[in-house]
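Architecture and fold: a report
Here is what each chain is made of, one letter per residue.
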Amino acid sequence: LYNALCDSWRVLGLQAHGACLYDSAQHCFDRALLATDQMKNDKQYEERDIDDNYSSLYGTLGNLYNIQGMLHLALDYYFKALPIFQRYGWKESQVILYYNVGELYLELGNYDAAEENYQKALEVGLQTGDSLMVCGPYGGLAMTALNAGNYQVALDEQDRERKQEREARKNKNKAEKKED
């Protein structure tokens, strides 16, 4: 019951978010959080499912605040999701989170913090073995270097990003050929 309620509120919130109805989206996400809180009191739900809801909602709220320019609130919500991602070893989610945090710091002009988070995204992305998981971090490192005036580093990082994109396309083509 509560999980279905959470999912319904989350979907409504995402629809409102997509329509730029941010106050309505916030209301829906708050309701989804309340439904998730109720799951903690119901023994039919496992901790992992509850944490999955929380981490998803925290990331979504981070995105909502990010798009509205409330960057410090976005960071707060992203960092609420991080320990959950780490606890369960959800590496792809960690990569996306670190990348998003890097983007926020880049926007704030804090190049050191941006680079630190892109590096974390890259480290975790390399652990996934998925070449697509490292494209974004390389691109973020390139943009950070460019904004900091380190043009050669920016070019080097951009080259690494392109190499990973080619690798991802090559892997996708191999997988498609195997399916045929």
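This text gives an overview of the structure that appears in the document. Everything quoted here is computed from the prediction, not taken from an experiment. (Residues numbered from 1 in each chain as written. Predicted model: local features only at pLDDT ≥ 70, side-chain atom pairs only at ≥ 80, totals over all residues. Heavy atoms only, no water.)

1. Points about the side chain of Thr144
- If you trace the backbone, Thr144 turns up in helix α7 (residues 132-147).
- Note on Thr144: relative accessible area 4%, which makes it buried.
- Here the side chain of Thr144 touches Gly140 through a polar contact of 2.9 Å, landing on its backbone oxygen.
- Those residues within four positions of Thr144 in sequence are excluded, and the remaining contacts are Leu106, Tyr111, Ala114, Glu115 and Tyr118. (Helix = DSSP H or I, 4+ residues; strand = E, 2+ residues; numbered from the N terminus. Buried < 20%, exposed > 50% of the residue type's maximum accessible area, 1.4 Å probe, protein only. Polar contact = N/O pair within 3.5 Å; in protein donor to acceptor, adjacent residues only side chain to side chain. Contact = heavy atoms within 4.5 Å.)

2. Description of a nonpolar patch on the surface
- On the surface, Met143, Leu146 and Tyr151 cluster together into a nonpolar patch covering about 310 Å² of accessible area.
- With respect to the helices and strands, the residue Leu146 is situated in helix α7.
- Classification of Leu146 as partly exposed rests on a relative accessible area of 41%. (Patch = residues over 30% accessible without salt bridge, like charges linked within 9 Å, V, L, I, M, F, W, Y side chains within 5 Å. Areas by Shrake-Rupley, 256 points an atom, 1.4 Å probe, with all protein chains shown as cover. Salt bridge = Lys/Arg side-chain N within 4 Å of Asp/Glu carboxyl O.)

3. Let's talk about the nonpolar core
- The biggest cluster of nonpolar side chains holds 44 residues, and the ones touching the most others in it are Tyr58, Leu61 and Leu97.
- Every element with two or more residues in this core is listed here: α1 (2-18), α2 (22-39), α3 (47-67), α4 (71-88), α5 (91-108), α6 (111-128) and α7.
- The dominant element in this core, judged by the number of residues it contributes, is α4, at 10 residues.
- Other than its neighbours up to four places away in sequence, Leu97 contacts Tyr78, Ala81, Leu82 and Phe85. (Core = buried A, V, L, I, M, F, W, Y, C linked by side-chain atoms within 4.5 Å.)

4. Comments concerning a positive patch on the surface
- Residues Arg162, Lys163, Arg166 and Arg169 make up a contiguous surface patch of positive charge.
- Looking at the secondary structure, you find Arg162 in helix α8 (residues 151-179).
- Taking the relative accessible area as the measure of exposure, Arg162 reaches 43% and is therefore partly exposed. (Lys, Arg positive; Asp, Glu negative; His and termini not counted. Charge placed at Lys NZ, Arg CZ, Asp CG, Glu CD.)

5. Considerations on the packing of α4 against α5
- The N-to-C vectors of α4 and α5 enclose an angle of 160°; their axes lie 10 Å apart at closest approach. Judged on the interaxial angle alone, α5 and α4 are roughly antiparallel. For the pair α4 and α5, the sense of crossing is left-handed. Each of Leu71, His72, Ala74, Leu75, Tyr78, Phe79, Ala81, Leu82, Phe85 and Gln86 in α4 lies in contact with α5, whose residues at this interface are Ser93, Gln94, Leu97, Tyr98, Asn100, Val101, Leu104, Tyr105, Glu107 and Leu108.
- Residue classes in the contact of α4 with α5 are distributed as 14 nonpolar, five polar and one charged. (Axes fitted to C-alpha atoms, helices over the stretch in contact; angles between N-to-C directions. Parallel < 35°, antiparallel > 145°, perpendicular 65-115°, else oblique. Left-handed = near helix turned anticlockwise from the far one by under 90°. Nonpolar A, V, L, I, M, F, W, Y, C, P; charged D, E, K, R; others polar.)

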